[in-house]
Amino acid sequence: QVRLVESGGGLVQPGGSLRLSCAVSGGNVSTYGMSWFRQAPGKERELVAGIASVRGHSLTNYEGFAKNRFIISRDNVKNEMYLQMNSLRVEDTAVYLCKAVSVVDYRTTEYWGQGTQVTVSS
């Protein structure tokens, strides 16, 4: 059973930083396509950033609002994924969730964590 657990959320002032973690158990983070999503009250869930291995290289992608402010990374030894968030804005307030996608024999399975609340407020 694959399980994802997020941590690191909290209350931070505008301009501050937070580092989110996503601990993966029951699976290997290095073999999954990993990503961070967020969902603000009353809004659709949206992609923040993703990371995946392609031919031995780690590739990342970011949505526009995350570029130059957020950094996604993973530690294959600790089996964790991270999201370093800098220069936080009030509009970054949301529940942040991690997602893992496994593709085995052309069958795709998605796993989600429960989320961690990030609140940016003065």
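Structure report, in brief. Since the model is a prediction, treat every value here as computed from it, not as a measurement.

What counts as what
- Residues numbered from 1 in each chain as written.
- Predicted model: local features only at pLDDT ≥ 70, side-chain atom pairs only at ≥ 80, totals over all residues.
- Heavy atoms only, no water.
- Helix = DSSP H or I, 4+ residues; strand = E, 2+ residues; numbered from the N terminus.
- Rg over C-alpha atoms; globule rule 2.2 N^0.38 Å.
- Buried < 20%, exposed > 50% of the residue type's maximum accessible area, 1.4 Å probe, protein only.
- Contact = heavy atoms within 4.5 Å.
- Lys, Arg positive; Asp, Glu negative; His and termini not counted.
- Charge placed at Lys NZ, Arg CZ, Asp CG, Glu CD.
- Polar contact = N/O pair within 3.5 Å; in protein donor to acceptor, adjacent residues only side chain to side chain.
- Pairing = 2+ DSSP bridges.
- Axes fitted to C-alpha atoms, helices over the stretch in contact; angles between N-to-C directions.
- Disulfide = S-S within 2.5 Å.

Things to note about the overall build of the chain
Then, in step 1: Helix and strand counts for the chain stand at 0 helices and 11 strands.
Then, in step 2: When its helices and strands are written in sequence order, the chain yields β-β-β-β-β-β-β-β-β-β-β.
Then, in step 3: Over its C-alpha trace the chain gives a radius of gyration of 14 Å, about what one expects of a compact globule, namely 14 Å for 122 residues.
Then, in step 4: Along the first, second and third principal axes, the C-alpha atoms of the chain reach 50 × 25 × 25 Å.
Then, in step 5: The buried share of the chain, reckoned over its 122 residues, is 37%.
Then, in step 6: Excluding contacts between residues fewer than 6 apart, the proportion of contacts in the chain whose partners are at least 24 apart in sequence is 51%.
Then, in step 7: Positive and negative charge centroids in the chain, built from 13 and 10 side chains respectively, lie 3 Å apart.

A few points about the side chain of lysine 99
Then, in step 1: With respect to the helices and strands, lysine 99 occurs in strand E9 (residues 94-104).
Then, in step 2: Polar contacts involving the side chain of lysine 99 include one to the side chain of glutamate 110, which spans 3.3 Å.
Then, in step 3: With near-sequence residues (within four places) excluded, lysine 99 lies in contact with Leu4, Gly33, Met34, Ser35, Phe37, Glu110, Tyr111 and Trp112.

A closer look at the sheet that holds strand E8 (residues 80-85)
Then, in step 1: Taken in spatial order, the 4 strands of this open sheet run E1-E3-E8-E7, and their pairing is antiparallel. Strands with a single pairing partner mark the edges of an open sheet, and in this sheet they are strand E1 (3-7) and strand E7 (70-75). Mean inter-strand twist for the sheet, computed between neighbouring axes without regard to direction, equals 15°.
Then, in step 2: Where E1 lies against strand E3 (residues 18-25), 5 bridges are found, and the strand directions are antiparallel. Bridging from a neighbouring strand, glutamate 6 pairs with cysteine 22 of E3.

Considering the pairing of strand E5 (residues 46-54)
Then, in step 1: Strand direction decides the pairing type here: strand E4 (residues 33-39) and E5, joined by 5 bridges, are antiparallel. Looking across to E5, one finds that serine 35 is bridged to glycine 50.
Then, in step 2: In textbook terms, the turn of a hairpin is the stretch between consecutive antiparallel strands, and for E4 and E5 this stretch comprises 6 residues, one of which, glycine 42, has a positive phi near 75°.
Then, in step 3: In this structure, E5 lies alongside strand E6 (residues 57-62), joined through 6 bridges in antiparallel fashion. By the bridge assignment, alanine 49 is partnered in E6 with tyrosine 62.
Then, in step 4: A loop of 2 residues connects E5 with E6, the two strands running antiparallel in sequence, and arginine 55 in this loop sits at a positive phi of about 55°.

Description of the state of the cysteines
Then, in step 1: One pass over the full model with this rule turns up 1 disulfide.
Then, in step 2: Each sulfur in the disulfide pair cysteine 22 and cysteine 98 lies 2.1 Å from the other. On the sign convention where negative means left-handed, the S-S torsion of about 60° between cysteine 22 and cysteine 98 marks this disulfide as right-handed. Here cysteine 22, found in strand E3, pairs with cysteine 98, found in strand E9; they are 76 residues apart in sequence, far enough to count as distant. You'll find cysteine 22 and cysteine 98 in the same group, each marked buried.

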